[in-house]
Amino acid sequence: MCGIVGYIGNKKAYPILIKGLSRLEYRGYDSAGVALLEDGKLNVFKRQGKVLDLTNFVADNPTNGTVGIGHTRWATHGLPNDINAHPHTSGDGSITLVHNGIIENYDILKKELIKRGHVFKSETDTEVLVHLIEDIKEKSGASLAESVRIALNEVHGAYAIVVISPEEPNKIIAAKKSSPLVIGMGEDEYYLASDATPIIEYTKNVVYLEDEQIAIIDRYNGLRIFSISNKEVSPYVQELEMQLEELEKGGYEHFMLKEIYEQPRAIHDSFRGRLNAKEGWVSLGGIKDYEDQIAKANRIIIIACGTSWHAALVAEYYFEDLARIPVEVEYASEFRYRNPIIRKDDVVIAISQSGETADTLAALKMAKEQGATLLGIVNVVGSTISRVTDAGSYTHAGPEIGVASTKAFTTQLVLLAMMALSIGKKRGTIEDKKFQTLLDEMEALPSKIEQLLKSDDYIREVSAIYKDAPNALYLGRGSSFPIALEGALKLKEISYIHAEGYPAAEMKHGPIALIDENMPVFVIATQGQNYEKVVSNIQEVKARKGKLIAIVSKGDTTVREIADHVIEIPNSDEFVVPILATIPFQLISYHIAVMRECNVDQPRNLAKSVTVE
Ligand code: G6P
């Protein structure tokens, strides 16, 4: 949800900013812009469209400055056009800034500033903030940093900002509240970005700015950090574990395909040091100290958004079945505004790939105020959710760049499965034999997914048949029902085909009315306790001439006779079927989107990290 970058040092800022913006483009791609300070002059370039459109626009202009800021936008206030693009500049041209977040009281501030003679060009909340800083600076004669600090005391909402001024050409001022900001510490140079991906190729040493902190970076005097109430704090420098290769496409046509194929490795990384089937144990170091509390929990509340919410739905089956603890799954955006009942012996688990989703964060903060224990299942190391929770575990999927979540989802499932197994074991609610079987099943996942990926050519052929369908239905039962939801979400996100996921048995209460010979129905019909029931549901689809694409267990003959196409997954306990059945659905969406010439990695209107409500 908007990406911001900044640079101050001895190198030319422009190429660093552009490369950084390309890495952050997953956060929004409505417009892009940069501002550079060169010989005491401020040059601002901004353009509707992608970073590539910006570079074409800038082409032969002067770009020699060694201080600069940049932005890639996901529009909230105002259309995605050139004028609303960031950076935004004060009326007198002395201050320019980039912003990620929302200034909620922008309207009141704007009216007051207009009364004082300020003239606005854009419809954005961000332009109000830069005028407010200008107004304060002019009236008080304070420095840029002090004016920023005073202004931030007047705004409500979320912000990560990076500010520069030709009047203080050797400084960058940055601040954050509820939107992320990382500072990379080079040799006499500093990088700023919404996440570490633009920074990793220059330095591994970073400082994550905390909420309501202001960083003053001076070319000659280095970095100093102050709280918004003006108390100096010492920067805490951390070392990044990320590798640069993880951010490249590595020969794949799209990040999404690369990330689908990375799943065996990603799941293996999730297991490392946490699960050993041969020795018969599973243990999550990150939550070890909280295991007793989880085992004694009155209930587990899982909060998440989007694909992560689907992982939460699967976890409900895992925890209730194996650990016998009641689970409630909540959309973070609904939970936070519902005045929910949260008790001290509730354990709240937030699931989030980015660790920055605004609604999930706000819901967590609310649960914290009411005394619940907070755990995080997060992919991005060092992200806000990983820092505000009492404990948690990283999924270790590695950076996920494609906007549609793939490996982050399957590793979330793996982690939640491990958590349910370890808590079930602790509570004595899982028999030893079943425990061992499930550990074996888990450990076999990477090689089973490798096997499954070998069907990719066949899956592409099947996808080609349905690429022009206007609608699609996805069905599953039990813990495969959330996978039907996820399959449908993936298809609509990246190929813009309307798709719905339904519990297979619920189909007859509505969606069956939609079924005719043009409706592809994707169904998970693997061996397990619901198999025969699903076969009956499949018959109901066929009786209405629907086109059936079934995911079945290897060697299945019954469904093969009824369905138009079957995609086999390796024989497995139904506990791991949600993880395996996800893969063909990911590939189907991917191939259909490619065939429809959609932008697979950056689907329209979406952003990977949603840091606004
Ligand atoms: C956005 C992304 C989804 C993601 C959701 C929740 O909508 O496009 O892929 O599932 O946010 O994000 P999180 O980072 O909290 O998992």
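Residues numbered from 1 in each chain as written. Predicted model: local features only at pLDDT ≥ 70, side-chain atom pairs only at ≥ 80, totals over all residues. Heavy atoms only, no water.

Engineer: How should the overall build of the protein chain be read in this particular structure?
Structural biologist: Secondary structure summary: the protein chain contains 20 helices and 27 strands in total. Across its three principal axes, the protein chain shows a C-alpha extent of roughly 80 × 50 × 45 Å. When contacts within the protein chain are restricted to residue pairs at least 6 apart in sequence, long-range pairs at least 24 apart make up 71% of them. Carbon and sulfur atoms make up 48% of the accessible area of the protein chain, which totals about 23,400 Å². (Helix = DSSP H or I, 4+ residues; strand = E, 2+ residues; numbered from the N terminus. Contact = heavy atoms within 4.5 Å. Areas by Shrake-Rupley, 256 points an atom, 1.4 Å probe, with all protein chains shown as cover.)

Engineer: Is there a simple way to explain the site of the ligand in this structure?
Structural biologist: Lining the immediate surroundings of the ligand are 13 residues, of which Ser308, Ser352, Gln353, Ser354 and Thr357 lie closest. Here an oxygen atom of the ligand and a side-chain polar atom of serine 308 are 2.6 Å apart. A total of 380 Å² of accessible area belongs to the ligand in isolation, and the protein chains cover 90% of it. Here the shell around the ligand gets three residues from one element, more than from any other, and that element is helix 9 (residues 306-323). Looking at side-chain class alone, the shell around the ligand contains four nonpolar, eight polar and one charged residues. (Near = heavy atom within 4 Å. Polar contact = N/O pair within 3.5 Å; in protein donor to acceptor, adjacent residues only side chain to side chain. Nonpolar A, V, L, I, M, F, W, Y, C, P; charged D, E, K, R; others polar.)

Engineer: Whenever I open this one, unusual backbone geometry confuses me. Can you help?
Structural biologist: Excluding glycine, most residues fall at negative phi; most peptide bonds, likewise, are trans. In this structure, the amide linkage connecting histidine 86 to the following residue, proline 87, adopts the cis form with an omega of 0 degrees. Here proline 87 lies in the loop between strand 4 (67-73) and strand 5 (88-89). If you check the backbone angles, glutamate 212 has positive phi at about 60 degrees while not being a glycine. Mapped onto the elements of the fold, glutamate 212 is located in the loop between strand 11 (205-208) and strand 12 (213-218). Within the chain, asparagine 339 stands out as a residue other than glycine whose phi angle is a positive 55 degrees. Tracing the backbone through its elements, the reader meets asparagine 339 in the loop between helix 10 (332-335) and strand 20 (346-352).

Engineer: Which parts of the structure should I look at to understand the packing of aromatic side chains?
Structural biologist: The geometry of an aromatic ring pair is captured by two quantities: the separation of the ring centres and the angle between the planes. All chains considered together, the criterion is met by nine aromatic pairs. Each ring, one from tyrosine 7 and one from tyrosine 191, has its centre 5.0 Å from the other, and the planes form 55 degrees; the classification is tilted. One end of the pair, tyrosine 7, is in strand 1 (residues 3-8); the other, tyrosine 191, is in strand 10 (residues 190-193), with 184 residues separating them in the sequence. Across the pair, exposure class does not vary: tyrosine 7 and tyrosine 191 are buried alike. (Phe/Tyr/Trp six-rings, centres within 6.5 Å; stacked < 30°, edge-to-face > 60°. Buried < 20%, exposed > 50% of the residue type's maximum accessible area, 1.4 Å probe, protein only.)

Engineer: Could you clarify how one ought to interpret the sheet that holds strand 8 (residues 171-177) in this entry?
Structural biologist: Backbone-to-backbone hydrogen bonds pair the strands of a sheet. The strands run either parallel or antiparallel. Taking strand neighbours across the sheet as the criterion, the seven strands line up as 5-6-7-8-12-13-14 in an open arrangement whose pairing is antiparallel. Bordering the open sheet on either side are strand 5 and strand 14 (232-233), each of which pairs with just one other strand. As paired strands, strand 12 and strand 13 (residues 222-227) are joined by six bridges and run antiparallel to one another. Bridge pairing in strand 13 places glutamine 213 opposite serine 227. (Pairing = 2+ DSSP bridges.)

Engineer: Is there a simple way to explain the pairing of strand 6 (residues 96-103) in this structure?
Structural biologist: A regular strand carries its side chains on alternate faces of the sheet. Burial analysis of strand 6 places eight of its eight residues in the buried class, which makes it a mostly covered element. Note: strand 5 against strand 6, two bridges, orientation antiparallel. When the sheet's bridge partners are listed, histidine 88 is paired in strand 6 with leucine 97. The antiparallel hairpin formed by strand 5 and strand 6 contains six residues in its connecting segment, where glycine 93 sits at a positive phi of about 75 degrees. As defined by bridge partners, strand 6 adjoins strand 7 (residues 157-164) across eight bridges and the pair is classed as antiparallel. Across the sheet, leucine 97 pairs through a bridge with valine 163, a residue of strand 7.

Engineer: I keep staring at the domain arrangement of the protein chain and nothing clicks. Help me out?
Structural biologist: Interface size is commonly expressed as the accessible area that is lost once the parts come together. Here the protein chain is described as being made up of domain 1 (3-240), domain 2 (247-443) and domain 3 (453-602). Of note, the centres of domain 1 and domain 2, computed from C-alpha atoms alone, are 34 Å apart. Across the contact, 12 residues belong to domain 1 and 10 residues belong to domain 2. Together, Arg23, Tyr26 and Tyr208 form the three largest contributors to the area buried by domain 1 at its contact with domain 2, with a combined 43%. Taken together, domain 1 and domain 2 are joined by three salt bridges. Between glutamate 210 and arginine 387 there is a salt bridge; the shortest N-O distance is 3.1 Å. Residue classes in the side of domain 1 that touches domain 2 are distributed as six nonpolar, two polar and four charged. (Domains from an automatic or database assignment. Buried area = accessible area lost by both parts, 1.4 Å probe. Salt bridge = Lys/Arg side-chain N within 4 Å of Asp/Glu carboxyl O.)

Engineer: Please explain helix 18 (residues 531-543) as it appears in this structure.
Structural biologist: Spacing of three or four residues puts side chains on the same side of an α-helix, whose turn is 3.6 residues. Between its terminal C-alpha atoms helix 18 stretches 18 Å, which fits the 18 Å expected from 13 residues at 1.5 Å a residue. Residues of helix 18 that are buried include every one of Tyr531, Val534, Val535, Asn537, Ile538 and Val541, and no others. Down the axis of helix 18, the buried set is contained in an arc of 160 degrees. They therefore lie on one face. In this structure, helix 18 carries Glu532, Lys533 and Ala543 as exposed residues pointing more than 90 degrees from its buried face. (Expected span 1.5 Å × (residues − 1). Arc of directions from axis to C-beta.)

Engineer: Explanation requested: the sheet that holds strand 24 (residues 498-503) in the structure shown.
Structural biologist: If you walk across this open sheet you meet the five strands as 24-23-25-26-27, and the pairing is parallel. Of all the strands in the sheet, the pair left with one neighbour each is strand 24 and strand 27 (565-569). Going across the sheet, the axis of each strand differs from the next one's by a mean of 20 degrees, ignoring polarity. (Axes fitted to C-alpha atoms, helices over the stretch in contact; angles between N-to-C directions.)

Engineer: Any chance you could explain the environment of isoleucine 102 here in plain terms?
Structural biologist: Its location among the elements puts isoleucine 102 in strand 6. On the basis of relative accessible area, isoleucine 102 is assigned to the buried category, the value being 19%. In this structure the C-alpha to C-alpha distance between isoleucine 102 and glutamate 613, which are 511 residues apart in sequence, comes to 8.9 Å. Each residue touching isoleucine 102, except ones within four places of it in the same chain, is listed here: Thr76, His77, Asp125, His156, Gly157, Ala158 and Val612.

Engineer: Explain the packing of helix 16 (residues 456-466) against helix 20 (residues 577-595) to me, please; I cannot follow it from the model alone.
Structural biologist: Each pair of packed helices can be described by the angle between their axes along with the distance between the axes. Running from N to C, helix 16 and helix 20 cross one another at 55 degrees; their axes reach a closest spacing of 9 Å. Overall, the two elements helix 16 and helix 20 adopt an arrangement that is oblique. In terms of crossing hand, the pair formed by helix 16 and helix 20 is right-handed. Note on element contacts: helix 20 touches helix 16 through Pro584, Leu587, Ile588, His591, Ile592 and Met595, opposite Asp456, Ile459, Arg460, Ser463, Ala464 and Tyr466. (Parallel < 35°, antiparallel > 145°, perpendicular 65-115°, else oblique. Left-handed = near helix turned anticlockwise from the far one by under 90°.)

Engineer: For this particular structure, what's the right way to read the packing of helix 17 (residues 481-495) against helix 20?
Structural biologist: At their nearest, the axes of helix 17 and helix 20 sit 9 Å apart, and the two run at 20 degrees to each other. Regarding the angle of helix 17 to helix 20, the classification is roughly parallel. Read as a crossing pair, helix 17 and helix 20 show a hand that is right-handed. In contact with Ile483, Ala484, Gly487, Lys490, Leu491, Ile494 and Ser495 of helix 17, helix 20 contributes Pro578, Ala581, Thr582, Phe585, Ser589, Tyr590, Ile592 and Ala593. Across the contact of helix 17 with helix 20, the residue classes break down as 10 nonpolar, four polar and one charged.

Engineer: What should I look at first to understand helix 20 in this one?
Structural biologist: Taking 1.5 Å as the rise per residue, helix 20 with 19 residues should run 27 Å; its terminal C-alpha atoms sit 28 Å apart, in good agreement. Among the 19 residues in helix 20, 17 count as buried, and that is most of the element. Directly beyond the C-terminal end of helix 20, a positive phi value near 60 degrees is found at glutamate 597.

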